Number of protein chains: 2
Amino acid sequence: MIPPDHPRYRSLVTRERLAACAREGIVTLEGLTAHGRGEAFDYLIGERTTESAALAERVAAAMLIGATSPVISVNGNTAALAAGAIGELQQACGAKVEVNLFHRTDERVEKVRRLLESEGVKVLTGRAEPLLPLSHPRALCLREGIFSAGTVLVPLEDGDRCAALVSMGKRVIAIDLNPLSRTARTATLTIVDELTRAVPAIARACREIGPEEGERLMRFPDNNFFLRAAMEEIRGNLGALD
Amino acid sequence: MIPPDHPRYRSLVTRERLAACAREGIVTLEGLTAHGRGEAFDYLIGERTTESAALAERVAAAMLIGATSPVISVNGNTAALAAGAIGELQQACGAKVEVNLFHRTDERVEKVRRLLESEGVKVLTGRAEPLLPLSHPRALCLREGIFSAGTVLVPLEDGDRCAALVSMGKRVIAIDLNPLSRTARTATLTIVDELTRAVPAIARACREIGPEEGERLMRFPDNNFFLRAAMEEIRGNLGALD
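(A) Spatial organisation of the overall build of chain A. In terms of helices and strands, chain A carries ten helices and seven strands. For chain A, the C-alpha radius of gyration of 17 Å lies close to 18 Å, the compact-globule estimate for 242 residues. Taking all 242 residues of chain A together, the buried fraction comes to 58%. For chain A, the share of sequence-separated contacts (at least 6 apart) that also reach a separation of at least 24 residues comes to 65%. For chain A, the exposed surface amounts to about 10,000 Å²; the carbon and sulfur share of it is 50%.

If you want it as structure tokens, here you go:
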């Protein structure tokens, strides 16, 4: 339907993919709008992995392979756009994968789980309990998953839930294109990069990093540094296009 | 449903309106994503009509009233959010209104037409022909509408189609919150403002501007000036948020 020679082909195909997943009930209408907001920030960042984001991805990899029980928290948009890459990352770092939805229903959890499994992801299952300091049903998670994790990777997370995880003493790695968002400012480490660029980059870094580099990177999760770098990128891009 | 004193009342009502129109098939799911992108840029611009945008709106008004056969090209999102305002603008400047959809089907064209007519817009009808230098079905437009127009107002237009119109020698006025978009950079004049603020402002200006001011404004469609001004606004806002 979208001509492959359209200069915004990739962005349009991504939008179609999300729309198809919305029709299937995997992505919500709110998820579509949220994706659009991310698109805008990706535009401003230059639709590429910046140097600082590439460094953040290596730090994230070090945090994941250095953690005792890391968990990747996956929502509808993440599953729709990056199920295969999440599977790759799981293999590379040995993390558990838990489905965790903002607009949670058992039916949607099941749909997201099935999509992930169809792309080779091993998904944690069990009875979700209200274990997070949030109002029901957003408090729900698995005891042996997010609740017990020391380090959680939350791609595309809501600010409230990111804050809840941090308040429980967890190290939270967020992937968020908006360096001004509450999620970005609350997380232990924020990767300001687009999901489908970030997840494979973290997986690659997991396979590359030796113990010594891992140690070194682990000392460097200065979130403010990464947020400031992203804002500088945006300001620079706005200037360069004058 | 949404309390009118909610700080994000306007933005939430707009989102609900678009979601309702998506369920009716007037807005596409891709259109919801595009709206989210606009929301992010509107946030960065301060969710208000900047001084430079207000000037661009006056220039646009002068261009429309000075044109021999102006056309307003309306898509699903524009109809959903601003059908009444488009009617007002049509009355103020005497432009033809043509439905022109990125994801075009006869059924959607009909739905958008009916919505516009219910708000008092006179919509051009006829047999669309592949007259634009784009691949089918995006090449479709009306011979006595967009094809013959010297000046076209395209709120929320795709970059490709904007470029196609410019390549045909038309003066294109775009309304686009992203000053970096291809549409914004390709148009003859870009109004970097939110649709429901911009369209009534152009209509007001059409009624206010006398022939002398019109002449003066017509000499001032310096698109780069307006794009630079918008970028400066965003840079200033990002700086303030550091």
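(B) Quick look at the side chain of Arg197 of chain A. Residues and elements named next belong to chain A. Structurally, Arg197 can be placed in helix H8 (residues 195-208). For Arg197, a relative accessible area of 18% puts it in the buried group. There is a polar contact of 2.7 Å between the side chain of Arg197 and the side chain of Asp42. Contact partners of Arg197, with chain neighbours within four places excluded, come to Asp42, Ile45, Glu47, Arg48 and Thr49.

(C) How the structure looks around the packing of aromatic side chains. All names here are of chain A. Scanning the entire structure with this criterion turns up two aromatic pairs over all chains. Geometrically, the ring pair formed by Phe225 and Phe226 is edge-to-face, given 5.1 Å between the ring centres and 75° between the ring planes. What makes Phe225 partly exposed here is its relative accessible area of 33%. A cation sits over an aromatic face here: Lys170 above Phe147, 5.9 Å from the ring centre.

(D) Structural detail: the interface of chain A and chain B. Facing the 31 residues of chain A at the interface are 35 residues of chain B. For the pair chain A and chain B, the two sides together bury roughly 3,100 Å², of which 69% comes from carbon and sulfur. Taken as a group, Tyr43, Arg235 and Leu238 of chain A account for 20% of the area that chain A buries against chain B, more than any other trio of residues on that side. For the pair chain A and chain B, the interface holds two salt bridges. Ionic pairing is found between Glu39 of chain A and Arg37 of chain B, a salt bridge with its closest N-O pair at 3.0 Å. In this assembly, chain A and chain B are joined by six residue pairs in polar contact (both at pLDDT 80 or more). At eleven residues, helix H2 (residues 29-45) of chain A tops the list of elements feeding residues into the side of chain A that touches chain B. Residue classes in the side of chain A that touches chain B are distributed as 17 nonpolar, six polar and eight charged.

(E) Fine view of the pairing of strand S5 (residues 151-155) of chain B. All names here are of chain B. Most of S5 sits out of view: five of its five residues are buried. Burial of the side chains of S5 extends over both faces: Thr151, Leu153 and Pro155 are buried on one face and Val152 and Val154 on the other. Relative to S5, strand S1 (residues 71-74) is paired through two bridges, and the arrangement is parallel. Considered in S5, the bridge of Val71 is made with Val152. Where S5 and strand S6 (residues 171-175) come together, five bridges link them in parallel fashion. Of the residues in S6, the one forming a bridge with Val152 is Val172. What joins S5 to S6 is helix H6 (residues 159-167), and the crossover it makes is right-handed.

(F) Local environment of the sheet that holds strand S1 (residues 71-74) of chain A. Residues and elements named next belong to chain A. Within the open sheet, the five strands sit side by side as S2-S1-S5-S6-S7. Their pairing is parallel. In this open sheet, the two edge strands, each paired with only one partner strand, are strand S2 (96-99) and strand S7 (189-191). Adjacent strand axes in the sheet meet at a mean angle of 20°, parallel and antiparallel pairs treated alike. Against the sheet, helix H5 (residues 106-118) makes contact with S1 and S2, and its axis sits at roughly 145° relative to S2, the strand it touches most.

(G) Representation of the relation of the copies chain A and chain B in the model. Each copy superposes on the other: chain A lies on chain B with an RMSD of 0.3 Å after a rotation of 165° and an axial shift of 0.2 Å. Both copies contact each other with a shared surface, as 71% of the interface residues of chain A are interface residues in chain B too.

(H) Representation of the pattern of salt bridges. Residues and elements named next belong to chain A. Counted under the stated rule, the structure contains 36 salt bridges over all chains. A salt bridge links Asp42 to Arg197; the nearest nitrogen and oxygen atoms lie 2.7 Å apart. One end of the pair, Asp42, is in helix H2; the other, Arg197, is in helix H8, with 155 residues separating them in the sequence. For the pair shown, Asp42 and Arg197 are each scored as buried. The residue Arg48 makes a salt bridge to Glu233 at a minimum N-O spacing of 3.0 Å. In this pair, Arg48 is assigned in the loop between H2 and helix H3 (51-66) and Glu233 in helix H10 (residues 223-240), connecting sequence segments 185 residues apart. A relative accessible area of 35% places Arg48 in the partly exposed class. A network of salt bridges, in which partner residues are shared, links Arg138, Asp158, Asp160 and Arg182.

What counts, and where the lines are drawn
- Residues numbered from 1 in each chain as written.
- Chains lettered and ligands numbered in written order.
- Predicted model: local features only at pLDDT ≥ 70, side-chain atom pairs only at ≥ 80, totals over all residues.
- Heavy atoms only, no water.
- Helix = DSSP H or I, 4+ residues; strand = E, 2+ residues; numbered from the N terminus.
- Rg over C-alpha atoms; globule rule 2.2 N^0.38 Å.
- Buried < 20%, exposed > 50% of the residue type's maximum accessible area, 1.4 Å probe, protein only.
- Contact = heavy atoms within 4.5 Å.
- Areas by Shrake-Rupley, 256 points an atom, 1.4 Å probe, with all protein chains shown as cover.
- Polar contact = N/O pair within 3.5 Å; in protein donor to acceptor, adjacent residues only side chain to side chain.
- Phe/Tyr/Trp six-rings, centres within 6.5 Å; stacked < 30°, edge-to-face > 60°.
- Lys NZ or Arg CZ within 6 Å of the ring centre and 35° of its normal.
- Buried area = accessible area lost by both parts, 1.4 Å probe.
- Salt bridge = Lys/Arg side-chain N within 4 Å of Asp/Glu carboxyl O.
- Nonpolar A, V, L, I, M, F, W, Y, C, P; charged D, E, K, R; others polar.
- Pairing = 2+ DSSP bridges.
- Right-handed = clockwise from strand over helix to strand, strands pointing away.
- Axes fitted to C-alpha atoms, helices over the stretch in contact; angles between N-to-C directions.
- Least-squares fit on C-alpha atoms with pLDDT ≥ 70 in both.

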